[in-house]
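# Coordinate analysis (summary)
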Amino acid sequence: MSTRKGNLTIYNSLTGKKEKFEPLINGFVGLYVCGPTVYSHVHLGNCRTFISFDMVYRYLKHLGYKIRYVRNITDAGHLENDAEEGEDKIAKKARLEQIEPMEVVQQYTINFHEVLGRFNNLPPNIEPTATGHIIEQIEMVKKIMQEGLAYEANGSVYFDVEKYNETDNYGILSKRKIEDLVSGTRELDGQDEKKSPLDFALWKNAAPQHIMKWPSPWGVGFPGWHLECSVMSTKYLGEQFDIHGGGMDLKFPHHECEIAQGTAATGKKPVRYWMHANMLTLNGKKMSKSTGNTLLPEALFSGNNQAIGKAFHPIVVRFFMMQAHYTSTLDFSAEALDAAEKGFHRLSEAIEMLEDLSVQQSSSIDVQKLIDSFYAAMDDDFNTPVLIARLFDASKFIQNVKAGKAQLGLEDFKSLKAKMNAFFFDVLGLQKIDQDEDDSLGTVMELVLSMRQKARNNQDWDTADSIRDKLQEANIKVKDGSDGATWSKN
RNA sequence: GGUCCUGUGGCCGAGUGGCUAGGCAGAGGUCUGCAAAACCUCGUACAGCGGUUCGAAUCCGCUCGGGACCUCCA
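Residues numbered from 1 in each chain as written. Chains lettered and ligands numbered in written order. Predicted model: local features only at pLDDT ≥ 70, side-chain atom pairs only at ≥ 80, totals over all residues. Heavy atoms only, no water.

Along its length, chain A carries 16 helices and 15 strands. With 490 residues in all, chain A has 51% of them scored as buried. The contacts in chain A between residues at least 6 apart in sequence include a share of 74% that link residues at least 24 apart. Carbon and sulfur atoms make up 48% of the accessible area of chain A, which amounts to about 22,400 Å² in all. Here chain A contributes 56 positively and 67 negatively charged side chains, and the mean placements of these two sets differ by 4 Å. (Helix = DSSP H or I, 4+ residues; strand = E, 2+ residues; numbered from the N terminus. Buried < 20%, exposed > 50% of the residue type's maximum accessible area, 1.4 Å probe, protein only. Contact = heavy atoms within 4.5 Å. Areas by Shrake-Rupley, 256 points an atom, 1.4 Å probe, with all protein chains shown as cover. Lys, Arg positive; Asp, Glu negative; His and termini not counted. Charge placed at Lys NZ, Arg CZ, Asp CG, Glu CD.)

Following this line, the structure appears as structure tokens:
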């Protein structure tokens, strides 16, 4: 397995190129992904990002790397906007619902974990919170101030972007020029504290009515949004680490600011490979909480929604997402999900069929080459759609072996089974959707099908067909094969 | 307005100079008592116009359409 390491290439948003992946420390990977601000339910667009990086984590794991996967929970500091009166999102929600901020945090953190669990996401190794790292954040602010790249104004501390840009490059990630940014800035109220509209808050002074605030050398306040990620990634992964992921919409300003903060505080560029997952769209427009163009996972799983109007299993949704590359936008529609659902079941059946396939002396195709193609797809910047295409090729082969039209040797059988399972379950994170959890149904069906077989043996087609029709009405589909009938629930 | 991305057959979606994925839907066939499933065959698609090239969906230019970011968003 470890021999598979070393061929992976990753599209690095920082350089705009696909690069060979070489971790800082051989065999180990530090992975940081920007988590949610837990002030409301996660929607499907949010989920796509987390599912994409779950897949990245899973493949790195499969390749044999030891990974420390850190994904934060933002439970403070995320402002409604950057203006003077900008309110913390969590605090605002707490005020509106008249509950404690930490109740808001708790409620939506639980929801977040529950939803990702249904998508079969693996938990990260560390899931730190912003409020748990206030001291570290204050320390980093001090450090940046010592470097002369931040200044205090009325109890708030701002990052001095223009000064930083004199010796460094603010805009290196988002490919923006500072002059363009300045000219494009709109007039926001209460920005007179800042030297430049581009400057962003490291620490914000809290007005008396604020409920979430902490003491600091600059007075009572709360940390700026971008700071937590810099602090927590540095704390758990080091001043420089391998991969930082997040949604495309975080590229600017969030990630740009992270680079600036990290560089200012440590003198090192914090991240070696930046990865950005693209947006999930609904009706061709980005899913977004603020515009209301969203779909909640629950609504999709239950079918209780206007946008799609049909229930889909979370694993089918995951499969659907895996059929597109993580760097492409993906549009959600009932038709596309329907197609994915059918394809998923076909692939699923082939995986099941592989369990007890009869084996011959040798194989009629080059099985090793097929397996290599799985790796080639994933090594090419986690190209899951191509991987799935190759898995379908394999599924066709499996069907042919089953039908006696192709042969599979014992050794090939073992490795194909191992790799198909590894890619389907471990890498893509898919699961069998159990159709017969109730064991008694299985026993009953065995009985019914054997009775039907008797009727068929007697050429009593009326009885045989009526059994099949009745079962169909009960949503159980009977498929007659050469070696007996099988059934499945629709 | 600025910066950037994108436009692939009925639908979804890979592919970044020649070897022209895959899924769904559709047509024909094999198998089967019939049906379903499965398998086989079939679509010469790359927004438009021009250019570079022996050769372009793939590179360049223009036009048109869609989107993202520039303010919070995965």
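Here the narrative resumes.
Another point: the protein's contact with RNA strand B. Close contacts around RNA strand B come from 63 residues, with His78, Trp225, Gly247, Leu250 and Lys286 the closest. Sugar and phosphate atoms constitute 65% of the interface atoms of RNA strand B, taking the interface as everything within 4 Å of the protein. Side-chain polar atom of Thr49 to a base nitrogen of RNA strand B: 2.8 Å apart, as the coordinates give it. Between RNA strand B and His325, the relevant distance is 2.7 Å, taken from a phosphate oxygen to a main-chain nitrogen or oxygen of the residue. Considering each element in turn, the surface near RNA strand B owes the most residues, nine residues, to helix H13 (residues 384–402). Of the residues that constitute the surface near RNA strand B, the class distribution is 19 nonpolar, 19 polar and 25 charged. (Near = heavy atom within 4 Å. Polar contact = N/O pair within 3.5 Å; in protein donor to acceptor, adjacent residues only side chain to side chain. Nonpolar A, V, L, I, M, F, W, Y, C, P; charged D, E, K, R; others polar.)

At their nearest, the axes of helix H10 (residues 314–322) and helix H11 (residues 334–353) sit 9 Å apart, and the two run at 100 degrees to each other. Relative to H11, the element H10 lies roughly perpendicular. Of H11, the residues touching H10 (which contributes Ile315, Val316, Val317, Phe319 and Phe320) are Ala336, Leu337, Ala340, Glu341, Gly343, Phe344 and Leu347. (Axes fitted to C-alpha atoms, helices over the stretch in contact; angles between N-to-C directions. Parallel < 35°, antiparallel > 145°, perpendicular 65-115°, else oblique.)

Counting residues in hydrophobic clusters, the biggest one holds 95 residues, and the most contacted among them are Leu44, Leu300, Val317, Phe332 and Phe382. Sorting elements by how many residues they give to this core places helix H1 (residues 44–62) first, with 10 residues. Three or more residues apiece are contributed to this core by two domains, here domain 1 (2–277) and domain 2 (292–427). Setting aside residues no more than four positions away along its own chain, Val317 makes contact with Leu44, Phe119, Leu300, Phe301, Phe312, Phe332 and Leu337. In this structure, Ile138, Tyr170, Phe200 and Trp225 belong to the second largest nonpolar core, which totals 39 residues. (Core = buried A, V, L, I, M, F, W, Y, C linked by side-chain atoms within 4.5 Å. Domains from an automatic or database assignment.)

In spatial order, the strands read E12-E11-E13; together these three strands make up an open sheet with mixed pairing. Looking along the sheet, the strands with just one partner apiece sit at the ends: strand E12 (285–286) and strand E13 (330–332). Where strand E11 (residues 280–282) and E13 come together, three bridges link them in parallel fashion. Bridging from a neighbouring strand, Leu280 pairs with Leu330 of E13. Across the sheet, H10 lies against E11 and E13, angled at about 145 degrees from E13, the strand it touches most. (Pairing = 2+ DSSP bridges.)

Mapped onto the fold, Asp379 is located in helix H12 (residues 367–379). It turns out Asp379 is buried and unbridged, and the closest side chain with the opposite charge, Arg4, is 6.4 Å from it. Discounting chain neighbours no more than four positions away, the residues touching Asp379 are Asn7, Leu8, Thr9, Tyr59 and Leu63. (Salt bridge = Lys/Arg side-chain N within 4 Å of Asp/Glu carboxyl O.)

To continue, consider the packing of helix H4 (residues 134–146) against helix H8 (residues 251–266). Direction vectors running N to C along H4 and H8 enclose 70 degrees, while the axes themselves pass 8 Å from each other. Considering the angle they form, H4 stands roughly perpendicular to H8. With respect to the hand of their crossing, H4 and H8 are arranged in left-handed fashion. Contact residues: Met140, Lys143 and Ile144 in H4; Gln261, Ala264 and Ala265 in H8. Classifying every residue of the contact of H4 with H8 gives four nonpolar, one polar and one charged. (Left-handed = near helix turned anticlockwise from the far one by under 90°.)

Next up on the list: the environment of Ala422. Secondary-structure assignment places Ala422 in helix H14 (residues 410–427). Setting aside its immediate chain neighbours within four residues, Ala422 contacts His62 and Val427.

This brings us to the packing of aromatic side chains. As enumerated under the stated definition, the model contains 20 aromatic pairs in all. Here Tyr57 and Tyr69 contribute two aromatic rings whose centre-to-centre distance is 4.7 Å and whose plane-to-plane angle is 45 degrees, an arrangement assigned as tilted. Within this pair, whereas Tyr57 is found in helix H1, its partner Tyr69 is found in strand E4 (residues 66–71), the two being separated by 12 residues in sequence. A single burial state applies to Tyr57 and to Tyr69, both of which are buried. For the ring pair Tyr59 and Phe423, a centre distance of 6.4 Å and an interplane angle of 35 degrees mean the geometry is tilted. In this pair, Tyr59 sits in helix H1 while Phe423 sits in helix H14, placing the two residues 364 residues apart along the sequence. A relative accessible area of 0% places Phe423 in the buried class. Among the aromatic residues, ring-to-ring pairing joins Tyr59, Tyr326, Phe374, Tyr375, Phe382 and Phe423 into one connected group. (Phe/Tyr/Trp six-rings, centres within 6.5 Å; stacked < 30°, edge-to-face > 60°.)

On to the pairing of strand E3 (residues 28–33), then. The element E3 is extensively covered by neighbouring structure, given that five of its six residues are classed as buried. With H1 bridging E3 and its parallel neighbour E4, the resulting β-α-β unit is right-handed. Examined bridge by bridge, E3 and strand E9 (residues 241–247) share three bridges and lie parallel to one another. Bridging from a neighbouring strand, Leu31 pairs with Ile243 of E9. (Right-handed = clockwise from strand over helix to strand, strands pointing away.)

Sheet topology note: the strand E5 (residues 150–153)/strand E6 (residues 156–159) ladder contains four bridges and is antiparallel. Looking at the pairing, Tyr151 lines up with Tyr158 of E6.

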